[in-house]
Amino acid sequence: MKRTIPWIITIVTGFVLVIAEFVPPWGKMREDVLIYFQIISVFAFFLGGGSLLKINLQKVFSKRTDWEYALVTVVGFFVMLALGLFKLGNPEMATAGYAADLNANGSWFKNLFDAVKAPLSASMYSLLAFFIASASYRAFRAKNSDATVLLVSAFIILMGQTFVGVVATGWMPDWVSFFKVENLSLWLLAKANLAGQRAILIGIALGIVSMSLRVILGIERTHLSGGDE
Amino acid sequence: MNRKVMIPIASIIVFIGFLLLKFDFEAVDSSQALWDAFIVTAGGFLTLMIFSFLYRDNPFYKFAEHLYVGVSAAYWMCVGFWSNIVQQAIPHLSPWLSEALDQPFLGYKWDYWIPIAFGLLLLTRLLPDSLKIGWLSKWTLAFIVASTAGLLMTANLKANFISQISSTMSLPLLPDWTGFGDFVSNFDLSYGGQFIKMLSNWVIVVGVISGLVYFFFSKEHTGWFGRVSRLGIWVLMVTFGASFGYTVMGRVSLLVGRLTFLFRDWAGIIS
């Protein structure tokens, strides 16, 4: 019961969707499944949110180390959830009711997003610039030919995006304009990079096909294992 | 008063001070003016809190990090709930719920109960362990995994396998060719020139083949096969270098954006 039904669901769903690709009247089924996915994803968000809440509330009530920060998570979560689920302070609520745009200008939800989530997201990712810089200092040593190719390629891309790089090769005449660093950078991204990306994509596609076949045929069952109560 | 209490109180006082500095007392809509001041002040404080990690892990960073987790989780829950459950599912499930949530009823679609049922089964994981029904969530997991496999298998074969190979192999290796004489007499190294076009196509075709040879592990990489594989490594190194450089530029532009916000919008040092 615990393993057999999910195994049957896996095989039936997988086979039906693959066959649907080749049977035109069933084609819409694939579109419907994409919508099902979106609906299930919301429940997955709720599962994630509920789990986050459960763990953090346990931490707060048992006063474990750093419980104060867990409280910050819980408060932030509830405030954002209340503003979003009930559309509190949404100026469009007066006219459109619950059909009001969640991110309407001036809504408290949008304001809190602009005040908290947007700057935190941007700052978190921009912080990576420092770590990437320090990582590249360690990684970008021309120890062998492979590392040298990597270094030169990244260097050209970076120079091509900067003012200094453009000025440094700006004197070149048109008949050798390929060697202007901005063109070289563009060429590396659009052509040389494309070759490697395609090889990787083809490899990924083959990997996905073989893995999908294993799942659909019921050979791969790791997603059904563990967590048995 | 110990430090654990003093630091948050001092931070709140400084925050309110900045908020007042940013508040436009002459604004007509004082409520929106307060929000505007709050957005800039909170944005500045939270940015500094995140950047404080460059010194070392500290309470300000931990505060911002935990706030980010809580707010992000709730944000995506709300967006998903309104856009997928309320706008997509409910108008096909219940006229009463549609009316209550101010949505137009678009007619019954009984199959929409399938994802709702699977979704509810997924939530059984949140129930207490003593109920012993958490395993029901695996039905949903099985559906998600099988659907992903079923959809991706054929889609990937078409988009990432067949179309990538056909785009590579359909590239002309001698583009705009009108004869060797014309080629030599018009030879130049300009970016859009014939030679560079030709070089680009050769690089793509040879690069893809050698890259694939590198990924082929069923034959030992020795002899001519090893040399082609070696070329494949170089192609991949160029790709990784280009991707790395591009990522660095993306992160740096985000950093510039944050610094511009800090110095212009928040501190008002630059105009």
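Just above, that's the structure.
These numbers were taken from a predicted model, which means no experiment stands behind them.

Caption draft 1: Looking closely at helix α3 (residues 67-85) of chain A. With 19 residues, α3 of chain A should reach 27 Å at 1.5 Å per residue; the first-to-last C-alpha distance of 26 Å fits that figure. Residues of α3 of chain A that are buried include every one of Tyr 69, Ala 70, Val 72, Thr 73, Val 74, Gly 76, Phe 77, Met 80, Leu 81, Leu 83, Gly 84 and Leu 85 of chain A, and no others. Residues of α3 of chain A that are buried sit in contact with α2 (27-61) and α5 (108-139) of chain A together with α3 (59-89) of chain B.

Caption draft 2: Representation of the interface of chain B and chain A within the structure. Opposite the 125 residues of chain B that make contact, chain A presents 127 residues. Where chain B touches chain A, the interface holds 3 salt bridges. Here Arg 230 of chain B and Asp 146 of chain A are joined by a salt bridge, their closest N and O atoms 2.8 Å apart. Taken together, chain B and chain A are joined by 27 residue pairs in polar contact (both at pLDDT 80 or more). Sorting the residues of the side of chain B that touches chain A by element identifies α2 (30-51), α3, α5 (113-122), α6 (137-169), α8 (194-214) and α9 (223-266) of chain B as the ones contributing at least two each. Residues of the side of chain B that touches chain A, tallied by class, amount to 80 nonpolar, 31 polar and 14 charged.

Caption draft 3: Local environment of the packing of aromatic side chains. Residues and elements named next belong to chain B. Within this structure, the stated rule accounts for 33 aromatic pairs over all chains. With centroids separated by 4.8 Å and ring planes inclined at 10 degrees, the aromatic side chains of Phe 18 and Trp 266 adopt a geometry described as stacked. Of the two residues, Phe 18 sits in helix α1 (residues 3-22) while Trp 266 sits in helix α9, which places them 248 residues apart along the sequence. Given the relative accessible area of 26%, Phe 18 is considered partly exposed.

Caption draft 4: Just the layout of surface pockets, in detail. What the largest pocket holds in volume is close to 1,100 Å³. Lining the largest pocket are 31 residues, with Val 72 of chain A together with Pro 8, Ile 12, Met 49 and Phe 63 of chain B positioned closest to its centre. If one sorts the elements of the lining of the largest pocket by residue count, α1 of chain B sits on top with 9 residues. Broken down by class, the residue content of the lining of the largest pocket amounts to 24 nonpolar, 2 polar and 5 charged.

Rules and cut-offs
Residues numbered from 1 in each chain as written. Chains lettered and ligands numbered in written order. Predicted model: local features only at pLDDT ≥ 70, side-chain atom pairs only at ≥ 80, totals over all residues. Heavy atoms only, no water. Helix = DSSP H or I, 4+ residues; strand = E, 2+ residues; numbered from the N terminus. Expected span 1.5 Å × (residues − 1). Buried < 20%, exposed > 50% of the residue type's maximum accessible area, 1.4 Å probe, protein only. Contact = heavy atoms within 4.5 Å. Salt bridge = Lys/Arg side-chain N within 4 Å of Asp/Glu carboxyl O. Polar contact = N/O pair within 3.5 Å; in protein donor to acceptor, adjacent residues only side chain to side chain. Nonpolar A, V, L, I, M, F, W, Y, C, P; charged D, E, K, R; others polar. Phe/Tyr/Trp six-rings, centres within 6.5 Å; stacked < 30°, edge-to-face > 60°. 1 Å grid on protein atoms, 1.4 Å probe; cavity = no way out; pocket = protein on both sides within 12 Å on 5 of 7 lines; lining within 4 Å. Points joined across faces, edges and corners; volume = space filled by probe spheres on them.

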